[in-house]
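# Structural features, examined
Listed here are the chains, written in short residue letters.
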Amino acid sequence: MPTLYNAGATGNTDYIRLRGDARLQWLGITNAPKTFTATADMPVKLGSKRIGVGVAAQQESLGLFANLEIGVQASYKLKLLGGTLSIGLQGAYLNTKFKGSEVVLPDDDDYHEGTDEAIPTQDLSGNAFDLSAGVWYEHKSFYLGISGKHLLDPTIGMKLEGSESTETQEYETKRARTLYFTAGSNIPIKNTLFELQPSLIAATDLHDFTGIVDLRARYNKFLSLGIGYRYLAGISVSLGAEFKNFFVGYSYEYPLSAIAKASSGSHEIMAGYQLKLDFSAKNKNRHRSVRLM
């Protein structure tokens, strides 16, 4: 789902693309992260120019936090060195909720106090506006992308849900500015119906780093099998199938850290649909005349 991280990837095919993804992380751990994502994008022709447009939405829960992001995207495209260079921009609405009513503060030992003014015990909510931007280059055999999300480094002020009062807005959370690098390739294997598809995505907020490398083998543009490694976090296997305009996939990740003592791993499912668009002018104003001689 490249458009989730890079608005420059919107409209980089001749298809309307719809994609959905659900990830259940670290099953077996209470309040473990859950993420639901949906993206849609398509190319649009404006005169002789071609642009990409899209939307991306993600809802995630992490512990007592729930984050929502809804973005509107556009990209401008240029032909360059046998490929296409796209420059994209996204404006997004951010919402964060905190379930303070579920906070438990023990007071029966020497290390905790039953009250802590720094920890809210009421449900809080806050909104913010954000910007992201990216550059995407796509060639027939490879792609590269560099992007930045949360460029405004937004601080979200939190207040009591359903209240217009500003008295509780001393609580706040941040979305850290994050840089992404994406790369991938499609390598046909001679005299076979197989293709190898290595890919990489790396991210950093200049304090922490994460990255995923993946290698998929695709047979006859129908079935695919992949293996992956998430930096210091886990190894994964994935399966996918494509039929006409539909795609479905599944991935399992086993944790490499001490989390493996409490969790059996993470599961992810994805589905997509795409519809071919016709940008040719050969059928424009076409008519037929039938004559009997």
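The structure reproduced in this document is the subject of the present report.

### Re the overall build of the protein
Helix and strand content of the protein: zero helices and 17 strands. For the protein, the spread of C-alpha atoms along the principal axes amounts to about 100 × 45 × 40 Å. When contacts within the protein are restricted to residue pairs at least 6 apart in sequence, long-range pairs at least 24 apart make up 49% of them. For the protein, the exposed surface amounts to about 18200 Å²; the carbon and sulfur share of it is 61%. If you average the places of the 30 positive and of the 30 negative side-chain charges in the protein, the two averages end up 24 Å apart.

### Some points on the side chain of Asn6
Inspection of the secondary structure assignment puts Asn6 in the segment before strand 1 (15-24). Here Val135 takes part through its backbone oxygen, which lies 3.2 Å from a polar atom of the side chain of Asn6. Excluding residues that lie within four positions of it along the chain, Asn6 makes contacts with Gly134, Val135, Trp136, Gly145, Ile146 and Ser147.

### Considering unusual backbone geometry
The phi torsion at Leu206 lies on the positive side, around 70°, for a residue other than glycine. Residue position: Leu206 is located in the loop between strand 12 (194-204) and strand 13 (209-219). A relative accessible area of 68% means that Leu206 is categorised as exposed. Even without being a glycine, Lys221 presents a positive backbone phi close to 55°. Relative to the helices and strands, Lys221 resides in the loop between strand 13 and strand 14 (223-230).

### A look at the environment of Ser86
With respect to the helices and strands, the residue Ser86 is situated in strand 5 (residues 83-98). Its relative accessible area of 1% is what places Ser86 among the buried residues. Ignoring any residue separated from it by four or fewer positions in sequence, one finds Ser86 in contact with Gly8, Ser75, Tyr76, Lys77, Gly134, Val135 and Trp136. Side-chain polar atoms of Ser86 contact the side chain of Lys77, separated by 2.8 Å.

### Things to note about the pairing of strand 5
On a regular strand, each side chain points to the face opposite its neighbour's, so the side chains alternate between the two faces of the sheet. Of the strand pairs in this sheet, strand 4 (residues 65-80) and strand 5 are connected by 16 bridges, and their pairing is antiparallel. Bridge pairing links Gly71 to Ala92 in strand 5. Summarising the sheet, strand 5 and strand 6 (residues 124-138) pair through 15 bridges and their orientation is antiparallel. The residue bridging Gln90 from the neighbouring strand is Ser132, located in strand 6.

### Details of the side chain of Lys149
Looking at the element boundaries, Lys149 is found in strand 7 (residues 142-149). Given a relative accessible area of 6%, Lys149 falls into the buried group. At a separation of 3.3 Å, a polar atom in the side chain of Lys149 contacts the side chain of Glu69. Here Lys149 is in contact with Leu4, Tyr5, Glu69, Leu131, Ser132, Ala176, Arg177, Thr178 and Tyr180, once residues within four sequence places are set aside.

Calculation criteria
- Residues numbered from 1 in each chain as written.
- Predicted model: local features only at pLDDT ≥ 70, side-chain atom pairs only at ≥ 80, totals over all residues.
- Heavy atoms only, no water.
- Helix = DSSP H or I, 4+ residues; strand = E, 2+ residues; numbered from the N terminus.
- Contact = heavy atoms within 4.5 Å.
- Areas by Shrake-Rupley, 256 points an atom, 1.4 Å probe, with all protein chains shown as cover.
- Lys, Arg positive; Asp, Glu negative; His and termini not counted.
- Charge placed at Lys NZ, Arg CZ, Asp CG, Glu CD.
- Polar contact = N/O pair within 3.5 Å; in protein donor to acceptor, adjacent residues only side chain to side chain.
- Buried < 20%, exposed > 50% of the residue type's maximum accessible area, 1.4 Å probe, protein only.
- Pairing = 2+ DSSP bridges.

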